[in-house]
Amino acid sequence: MTDTRSPEQRRRIMQSVQTKDTGPELTLRRALFAAGYRFRLHRRDLPGSPDIVFPGRRKVIFVHGCFWHGHGCTKGQPPKSRKEYWLPKIEANRERDHRNVEELQRLGWSVRVVWQCELRDPMALFDSLGIFLAR
Ligand SMILES: [Zn+2]
């Protein structure tokens, strides 16, 4: 399965589904759907219950909050106070995420992690996901 859409076509799809009253994750899902992708949400029978699952392509997307999943961006920095409380929790999440990705890959799934901070530029993200899904 190949994705022959141009960046310009993707941009138009994004613009057609962007609304003011929805979160960026929902906007992204709508754009993927409008682009013709069909997917399932939160498949609990897969390791880590991936947020968006493309069964036909054997690909999954996790949407991770930068703080809770320990992203290296500015939003993902642990708070300066009570580090001894936060750091073990975040580290446990990171280890669990890592195990889930390995387990999914072992089962033949391709995994893309979308960080919360990437949702600030939904069009760039949509382009990048188009490439991931076309591979
Ligand atoms: Zn981030």
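Rules and cut-offs
Residues numbered from 1 in each chain as written. Predicted model: local features only at pLDDT ≥ 70, side-chain atom pairs only at ≥ 80, totals over all residues. Heavy atoms only, no water. Pairing = 2+ DSSP bridges. Helix = DSSP H or I, 4+ residues; strand = E, 2+ residues; numbered from the N terminus. Contact = heavy atoms within 4.5 Å. Axes fitted to C-alpha atoms, helices over the stretch in contact; angles between N-to-C directions. Buried < 20%, exposed > 50% of the residue type's maximum accessible area, 1.4 Å probe, protein only. Right-handed = clockwise from strand over helix to strand, strands pointing away. Donors = N, O, S within 2.8 Å, 3.2 Å for Na, K, Ca; no water. Tetrahedral: all angles 85-135°; square planar, octahedral: opposite > 155°, others 65-115°.

**Points about the sheet that holds strand β1 (residues 40-41)**
The strand order across the open sheet formed by 4 strands is β1-β2-β3-β4, and the pairing between neighbours is mixed. The sheet is open, and its two borders are formed by β1 and β4 (110-115), each paired with just one other strand. Bridge count between strand β2 (residues 52-54) and strand β3 (residues 59-64): 3 bridges; the pairing is antiparallel. The residue of β3 that forms the bridge with Phe-54 is Lys-59. Most of the contacts of helix α4 (residues 122-134) go to β4, to which it runs at about 175°, and overall it touches β2, β3 and β4.

**What to know about the pairing of β3**
Among the 6 residues in β3, 6 count as buried, and that is most of the element. A two-sided burial pattern is seen for β3, the buried positions comprising Lys-59, Ile-61 and Val-63 on one face and Val-60, Phe-62 and His-64 on the other. The hairpin formed by β2 and β3 contains 4 residues between the paired strands, and Arg-58 there has a positive phi angle of roughly 55°. Alignment of β3 against β4, held across 6 bridges, turns out to be parallel. Note that in β4 the partner of Val-60 across the bridge is Val-111. The handedness of the β3 to β4 crossover, carried by helix α3 (residues 83-106), is right-handed.

**Here's the deal with the coordination of the zinc ion**
For the zinc ion, the full set of protein donor atoms is Cys-66 (SG), His-71 (ND1), Cys-73 (SG) and Cys-117 (SG), and the range of their distances to it is 2.0 to 2.4 Å. Between the 4 donor atoms coordinating the zinc ion, the angles at the centre fall across 101 to 119°, so the site counts as tetrahedral. Donor residues binding the zinc ion come from one chain and are separated in sequence as C-x4-H-x1-C-x43-C. Here Cys-73, found in the loop between β3 and α3, pairs with Cys-117, found in the loop between β4 and α4; they are 44 residues apart in sequence, far enough to count as distant. The exposure class assigned to Cys-117 is buried, which follows from its relative accessible area of 15%.

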